[in-house]
Amino acid sequence: MTKNHLLEMVGISKYFPGVQALDEVKLTVKAGTIHALMGENGAGKSTLMKCLFGTYKKDSGEIFIEGESVDFGNAKEALENGVAMVQQELNQALTRTVKDNLWLGRYPLKGPFVDERKMAKETDEIFNNLNISIDANAIMSTLPVSQRQMVEIAKAVSYNSKIIVLDEPTSSLSENEVEHLFRILRDLRERGVGIIYISHKMDEIREISDEITIMRDGQWIATEATQDISIDEIIRLMVGRELTHRFPDKTNVVKDDVMMSVKNISGRYTNLHDASFDLHAGEILGVAGLDGAGRTELLENIFGEMTRKGGQIFLEGQEVQNKNPKDSIKNGFALLTEERRATGILGIRDILDNTVISSLKRYLNFNLFLDDKKMLEATEWAIDSLDVRTPSHKTQIRALSGGNQQKVIIGRWLLTQPKVLLLDEPTRGIDVGAKYQIYELIIELASEGKGVVVVSSEMPELLGICDRILVMSNGRVAGELDPKTTNQEEILKLAEKYL
Amino acid sequence: MSTEKVKKNSKWSSEQIKDFLINNALILIMLVLVIYVTATRPEFLKPTSLINLLSLTAAYLPVALGIAGCIVLTGTDLSAGRVVGITAVISASLLQDITAPGKMWPNLEPPPIALVLLISVLIGALIGAFNGFWVAKFKLHPFIVTLATQLIVYTFILLYMQAGESTGQAISSLTEDYREFVTGSVVGVPIGGGKTAPIPNYVWLALLLAGLMWLIWNKTTFGKNMFALGANEEAARVSGVNVFATTIIVFALAGAMYGYAGFIESARIASNTANTGANYELDAIAACVIGGVSFVGGIGSISGIVIGVLLLRLIFVALPMIGMDQNLQFAIKGGIILLACALDMRKYLEKK
Ligand SMILES: Nc1ncnc2c1ncn2[C@@H]1O[C@H](COP(=O)(O)OP(=O)(O)OP(=O)(O)O)[C@@H](O)[C@H]1O
Ligand SMILES: [Mg+2]
C-alpha cells in the first residue's frame, strides 16, 4: 500500500443473480485529484461505488483508505469515516425541508432536542460557502430536480469528507449549474479531497478530471491521465470497438404533410403560454431552452399529463383532445418522461410487465385474456431491438442500470405504435454507445414517417440529430432555428429572450 | 479461468440454497408443524380433520382474496369484516324459514337463493366502490376511508337488526335449502372402503373463486394495471393506466368478495348477530402478508394468499390438537406475521 494513495480498491467482485456485476475491479485515487470513472451503462460503476459506500456488500476484494483497510457496513459508517456519495438516483425525504434533508442522520442536538437554530445557521454557512442560493426552509418536493441535486452535493461536501463520490451529478443540471459545480469541485480538489466523478458526458470529463478509469462489463480496462488520452480512445476502450461518429447519418426525409399541429397551448397551473408549432411527418424537432423554460411542460400539456388552460392540438388535420395520458396513447401519442424513476419505471415489476403495460390491448385473446406468449414475444422484441442488457425478462427493472431501464421504457412506447413521439431528455444518463443506438432509433422512427419531438439540454445532441430546433424561453416559444446553419450561441441567445 | 468458473458456480449454488430456504421458510415451517402434529396425533391426518381444516380455509379465503387487491395498491381495507356482517344479516333475514319464530320479515316468502347471493355480492361491491371512489377521487389513504366506512356500515347493521318484526335477536332458523346449498355436499372425496367423505359445497366454491381471481390477476389488462398502479402510480398513469377506474374496480371487487363471504358465513354460522364478521379483515390481512402480498405495493400472488390462509388456519386447528394452550395461538399468530413480513421485506432490500 502506498501512503500517498488516498483510496485503493483491489480485486473487488460482486455477483447479482444472473450477472457478475464486478469482476476483480481495481481503482486508485490520489488525494487532491478528480478521478473520472467511465463505462457503458451496466459496466458496474455505480455498483463499485456502492461497494465502497457500504450500500452493497462486496463478495471479495479489499478497500484501503490512506493505507488502512476498511469495510463499511452501511452509509453512516462510510460518512463517519470520510466517504460521502451523491447517488445516481436521488434518495431524498421529499416532504421535508431542505434543511432537514441536509442534516438527516446527524441532527445537531441541544440536550435531548434538535437544535433548530444551529441547524439553520450552519445550513446558511454551507450554502454561502458554496455560493448556493436555495431557501433552506423550502419543502424538497417543491424544488426543481437541479436544485435538489445541488442540495445533495452540498450535503456530501458538508461532511468534510476525504473522498466524495459523485454518480452522474450533472445529468439534470443546466450549463450554468454545471459550471458552478465545477468551481466547487476545483475548490475541494485544492483542499486535498479525492473526488470520484462518474459521468457519460465526454466534454465534462475532459474539462474537470485529472485521471480516468474505464470499466467494461464489470471489469477494469484502463486507468490513464486525462491529458494522455483522447475522447476517441476513451470511447473505444469503453465500448470495446471503434465508434468514429458521435451521431449517425440522418436518413429521414421530412415530408410536406403536417403530422401534428399545436395551436396556442397554455398550461393551467404551469408556466406555458401560447405555444404554437407544427411537426411534420418524418421530422425530428428539437426543443431547446434553459432550465425552467417550459420544455417538459410543453410535452406534458400536449400529452394531457398536465391540465391545459387553452389551445388546440391537431393530429393529421383532425383535432384531438388528449384529455389524459390514456386518451393520448389511443390517439397515437407517446411520452418518454424526464424523471425515469419517478414517472417511468415500475421498479418492483419485471421487464415484461414494464414493457407491455402501455400496449396491453394488443395481447388479448378473444378480447378477454392476456396471452403470455404474445407478451413475451413483444418483450423479447424490445430487448433485442433496443439491445437491453438484462439477465432475463423476469428481472426486476430496478436491478438494471439506468441506461438499460431507459431502453425498456422506450420499448414500452414503441409497442404502442405511436405516430408522434414526445421524448423528454431521451439520452439522459445514457452511455455513448447506447446514445448512438438511441439516435439511430430516433432517426429510424422518423424515416418510418413518424413525428418526433426531442427535448434535450445537450445542445450538440440537438444540433446533431434534429431537422429543426424550437427554442423556448420562460414558458414561451422564442423562435425556430435550422440546425445546419445555427450554433450554440444563437440558441442560448434565443433562450434568454423572455427572461 | 476454468477454476474461477467453478468457484463462482459453487458459490452461486450455496447462495441459492440459502435463498431457497429463506424464500420458502413459511412453507417449511408449515411442513414441520404438520409432520410434528401427525407424529404426536396421527388422527390429524384423518379425513374428517383434514376436511375441517380445508373448510375453515375455504371460509376465510374469499375475504383474503378481496383484501389482497387493496394491499397490492399499497392500501388496505378495514371495512371487510363489517361488509361481511351486513351482507350476512341481510342474506339471513331474506332466507329465514317461513316458520321461524321472531322472523324479521314475517310475510316474506324466501326468494331464490341465487338472487340473494347476487344481492349480497352487489351490496358488497357497492360499498367497495364507495371506498374506492373516496380513495381515487380525493386521494385519501384507504386506511382512513375504510376506517370511516366500517363505522358507517356498522350503524347500518345495527339499524337493520331492528328492522321489520325483529327484536334485535340473532337471525337464525334459515331455510333448509339455503343451508344445504352452502354446507351440503354435492361432491365428496372417496376415502377407500367404498365410502366418500362429504366436502361442503362452499369449499368447492372457494376453489372456483380462487381460480377466478387468479385469472383476473394474471390474465386480464385490469390485473396488469392493478400491479402497475401498486408499483408506481405516476408511471402507471403516464403509461395510460386509468388510475381512477382501476382503483374503484379493485375496491369494488374486494367488496364483492366480502359480499360473497357474508352470504356463505350467514349459512355456515347459521345464527347471525350484529357482530358477525367483525375483525375478519385482520385475519385476512395477516394471511395476505404471510402469503407474500407486500405492503410495499405491486407484489402478490393468489397461490401465496391461499397458503397464507391455510397456514393461519393450520395453527388454529393443529395447536390445540397437540395440547397447546388455546390462549397461545394469538401470540403464535403474531409471531408468524412478524416473521413472514421480515422475510418478505428481505427480498426487497437492496443490500443482501
Ligand atoms: N440490485 C441489483 N440486483 C441485481 N442486479 C443488479 C443490481 N444492481 C446492479 N445490478 C446489475 O449490475 C450491473 C452493473 O450495474 P451498475 O448500476 O453498477 O451500472 P453502471 O455502470 O452504474 O451503469 P449506468 O451508467 O447505467 O448507471 C448491471 O448489469 C445491473 O443490471
Ligand atoms: Mg450507474
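This structure is a prediction, so every number in the text was calculated from the model and none was measured.

1. Re the overall build of chain B
- The helix and strand inventory of chain B stands at 14 helices and two strands.
- Taken along its principal axes, the extent of the C-alpha atoms in chain B is 85 × 60 × 35 Å.
- When burial is assessed residue by residue, chain B has 50% of its 352 residues classed as buried.
- Expressed as a percentage of contacts within chain B between residues at least 6 apart in sequence, the contacts between residues at least 24 apart total 76%.
- Surface summary for chain B: the accessible area is close to 16,000 Å², and the carbon and sulfur share equals 69%.
- Distance between charge centroids for chain B: 12 Å, based on 23 positive and 19 negative side chains.

2. Description of the interface of chain A and chain B
- Taken together, the contact between chain A and chain B spans 42 residues of the former and 31 residues of the latter.
- Contact with chain B buries area across many residues of chain A, yet A:Ile348, A:Arg349 and A:Leu370 alone supply 18% of it, more than any other trio.
- Across the chain A-chain B interface, the total number found is three salt bridges.
- Here chain A and chain B share nine residue pairs in polar contact (both at pLDDT 80 or more) between them.
- Here the residues of the side of chain A that touches chain B are counted per class, giving 19 nonpolar, 10 polar and 13 charged.

3. Things to note about helix α2 (residues 25–40) of chain B
- With 16 residues, α2(B) should reach 22 Å at 1.5 Å per residue; the first-to-last C-alpha distance of 23 Å fits that figure.
- For α2(B), every residue scored as buried is listed here: B:Ala25, B:Leu26, B:Met30, B:Leu33, B:Val37 and B:Thr38.

4. Topic: empty space enclosed by the protein
All names here are of chain A.
- What the rule picks out here adds up to three cavities of 30 Å³ or more.
- The calculated volume of the largest cavity comes to roughly 60 Å³.
- In this structure, the largest cavity is lined by Glu40, Asn41, Arg241, Asp387, Arg389, Asn404, Lys407, Asp431, Gly433, Ala434 and Gln437.
- Elements with a contribution of two residues or more to the lining of the largest cavity: α14 (402–414) and α15 (432–447).

5. Considering the side chain of A:Glu300
- Counting through the fold element by element, A:Glu300 comes out in helix α9 (residues 295–302).
- Here A:Glu300 occupies a buried position and makes no salt bridge, while the nearest side chain of opposite charge, B:Arg237, is found at 7.8 Å.
- Discounting chain neighbours no more than four positions away, the residues touching A:Glu300 are A:Glu305, A:Met306, A:Leu335 and A:Thr337.

6. Regarding the nonpolar core
- Ranked by size, the top nonpolar core spans 90 residues in total, and within it B:Trp217, B:Tyr258 and B:Ile305 carry the most contacts.
- When near neighbours in sequence (up to four residues on either side) are disregarded, B:Tyr258 contacts B:Val63, B:Gly66, B:Ile67, B:Cys70, B:Asp77, B:Ala80, B:Val83, B:Val84 and B:Thr87.

7. A look at the packing of aromatic side chains
- Evaluation of the coordinates by the stated rule reveals 13 aromatic pairs over all chains.
- Geometrically, the ring pair formed by A:Phe247 and A:Tyr439 is tilted, given 5.2 Å between the ring centres and 40 degrees between the ring planes. Here A:Phe247 is found in the loop between α8 (231–239) and β13 (258–267), whereas its partner A:Tyr439 is found in helix α15, with 192 residues between them in sequence.
- Since its relative accessible area comes to 3%, A:Tyr439 is described here as buried.
- Look at B:Tyr60 and B:Tyr280: their rings are 5.4 Å apart centre to centre, the planes differ by 35 degrees, and that puts the pair in the tilted class.

8. Topic: the site of ligand 1
Residue and element names in this part refer to chain A.
- Around ligand 1, the structure places 20 residues, and the nearest of them are Asn41, Gly42, Lys45, Ser46 and Thr47.
- Between an oxygen atom of ligand 1 and a main-chain N or O atom of Ala43, the distance comes to 3.2 Å.
- In this structure, Thr47 approaches ligand 1 through a side-chain N or O atom, which is 2.5 Å from an oxygen atom.
- Contact with the protein chains covers 89% of the free accessible surface of ligand 1, which is 640 Å².
- Broken down by secondary-structure element, the contributors of at least two residues to the shell around ligand 1 are β2 (19–30), α1 (45–53) and α14.
- The leading source of residues in the shell around ligand 1 is α1, at three residues.

9. A word on the sheet that holds strand β11 (residues 211–216) of chain A
All names here are of chain A.
- Strand order in the open sheet made by the six strands is β6-β9-β10-β3-β11-β12, with mixed pairing throughout. Of all the strands in the sheet, the pair left with one neighbour each is β6 (83–86) and β12 (219–225). Adjacent strand axes in the sheet meet at a mean angle of 20 degrees when their direction is disregarded.
- Pairing analysis gives four bridges linking β6 to strand β9 (residues 163–167), with the strands arranged parallel. Residue pairing for β9: Ala84 is matched across the bridge by Ile164.
- In the packing of helix α5 (residues 145–158) onto the sheet, contacts are made with β6 and β9, and the angle to β6 comes to roughly 175 degrees.
- Against the sheet, α8 engages β3 (34–39), β11 and β12, with an angle of about 30 degrees to β11.

10. A look at the sheet that holds β2(A)
Residue and element names in this part refer to chain A.
- Across the sheet, four strands lie side by side as β2-β1-β4-β5; this open sheet has antiparallel pairing. Two strands lie at the open edges of the sheet, namely β2 and β5 (68–70), each paired on one side alone. Averaged over all adjacent pairs, the angle separating strand axes in this sheet is 25 degrees, with direction ignored.
- Pairing of strand β1 (residues 5–16) with strand β4 (residues 60–65), which is carried by five bridges, proceeds in the antiparallel orientation. In the strand pairing of β4, Glu8 is matched with Phe64.
- Against the sheet, α1 makes contact with β1, β2 and β4, and its axis sits at roughly 115 degrees relative to β1, the strand it touches most.

11. Let's talk about the state of the cysteines
Residue and element names in this part refer to chain B.
- A full pass over the atoms with the stated rule returns zero disulfides over all chains.
- Free cysteine: Cys288, not disulfide-bonded; nearest cysteine sulfur from Cys70 at 9.1 Å.
- Judged by relative accessible area, which is 0%, Cys288 ranks as buried.

12. Some remarks on the domain arrangement of chain A
Residues and elements named next belong to chain A.
- Partitioning chain A into structural domains gives domain 1 (5–239) and domain 2 (258–495).
- When each unit is reduced to the centre of its C-alpha atoms, the spacing between domain 1 and domain 2 is 30 Å.
- On the side of domain 2, 22 residues touch domain 1, which itself brings 25 residues to the contact.
- Counting the surface lost from both domain 1 and domain 2, the interface buries some 1,700 Å², and carbon and sulfur atoms represent 47% of this.
- A per-residue breakdown of the area domain 1 buries against domain 2 is headed by Asn41, Glu89 and His200, which together make up 31% of the total.
- Across the contact surface, domain 1 and domain 2 share zero salt bridges.
- Linking domain 1 with domain 2 are two residue pairs in polar contact (both at pLDDT 80 or more).
- Among the secondary structure elements, those contributing two or more residues to the side of domain 1 that touches domain 2 are α5, α6 (175–190) and α8.

13. Looking at the packing of helix α4 (residues 80–94) of chain B against helix α11 (residues 243–269) of chain B
All names here are of chain B.
- Orientation of α4 relative to α11, taken along the N-to-C sense of each, is 50 degrees, at an axis distance of 7 Å. With respect to α11, the axis of α4 lies oblique. Note on packing geometry: the crossing formed by α4 with α11 is right-handed. Between α4 and α11, the contacting residues are Ala80, Val83, Val84, Thr87, Ala88, Ser91 and Ala92 on the first element and Gly255, Tyr258, Gly259, Ala261, Gly262, Phe263, Glu265 and Ser266 on the second.

14. Details of the side chain of B:Thr246
- As for its position among the elements, B:Thr246 is in helix α11.
- The contact partners of B:Thr246, leaving out residues within four places of it in the chain, are B:Phe222, B:Asn225, B:Met226, B:Leu229 and B:Val241.

15. Examining the pairing of β4(A)
- The pairing of β4(A) with β5(A) spans three bridges and is antiparallel. By the bridge assignment, A:Phe64 is partnered in β5(A) with A:Ser69.

16. Remarks on α8(A)
- Restricting attention to buried positions, one finds in α8(A) the residues A:Ile234, A:Ile235, A:Leu237, A:Met238 and A:Val239.
- Looking one or two residues beyond α8(A), the residue adopting positive phi is A:Gly240, at roughly 85 degrees.

17. Side note on a positive patch on the surface
Residue and element names in this part refer to chain A.
- A cluster of basic side chains, namely Lys323, Lys326, Lys330 and Lys361, defines a positive patch on the protein surface.
- As for its placement among the helices and strands, Lys323 is situated in the loop between β17 (318–320) and α10 (325–330).
- Residue classification places Lys323 among the exposed positions, given a relative accessible area of 61%.

Basis of the calculations
- Residues numbered from 1 in each chain as written.
- Chains lettered and ligands numbered in written order.
- Predicted model: local features only at pLDDT ≥ 70, side-chain atom pairs only at ≥ 80, totals over all residues.
- Heavy atoms only, no water.
- Helix = DSSP H or I, 4+ residues; strand = E, 2+ residues; numbered from the N terminus.
- Buried < 20%, exposed > 50% of the residue type's maximum accessible area, 1.4 Å probe, protein only.
- Contact = heavy atoms within 4.5 Å.
- Areas by Shrake-Rupley, 256 points an atom, 1.4 Å probe, with all protein chains shown as cover.
- Lys, Arg positive; Asp, Glu negative; His and termini not counted.
- Charge placed at Lys NZ, Arg CZ, Asp CG, Glu CD.
- Buried area = accessible area lost by both parts, 1.4 Å probe.
- Salt bridge = Lys/Arg side-chain N within 4 Å of Asp/Glu carboxyl O.
- Polar contact = N/O pair within 3.5 Å; in protein donor to acceptor, adjacent residues only side chain to side chain.
- Nonpolar A, V, L, I, M, F, W, Y, C, P; charged D, E, K, R; others polar.
- Expected span 1.5 Å × (residues − 1).
- 1 Å grid on protein atoms, 1.4 Å probe; cavity = no way out; pocket = protein on both sides within 12 Å on 5 of 7 lines; lining within 4 Å.
- Points joined across faces, edges and corners; volume = space filled by probe spheres on them.
- Core = buried A, V, L, I, M, F, W, Y, C linked by side-chain atoms within 4.5 Å.
- Phe/Tyr/Trp six-rings, centres within 6.5 Å; stacked < 30°, edge-to-face > 60°.
- Near = heavy atom within 4 Å.
- Pairing = 2+ DSSP bridges.
- Axes fitted to C-alpha atoms, helices over the stretch in contact; angles between N-to-C directions.
- Disulfide = S-S within 2.5 Å.
- Domains from an automatic or database assignment.
- Parallel < 35°, antiparallel > 145°, perpendicular 65-115°, else oblique.
- Left-handed = near helix turned anticlockwise from the far one by under 90°.
- Patch = residues over 30% accessible without salt bridge, like charges linked within 9 Å, V, L, I, M, F, W, Y side chains within 5 Å.

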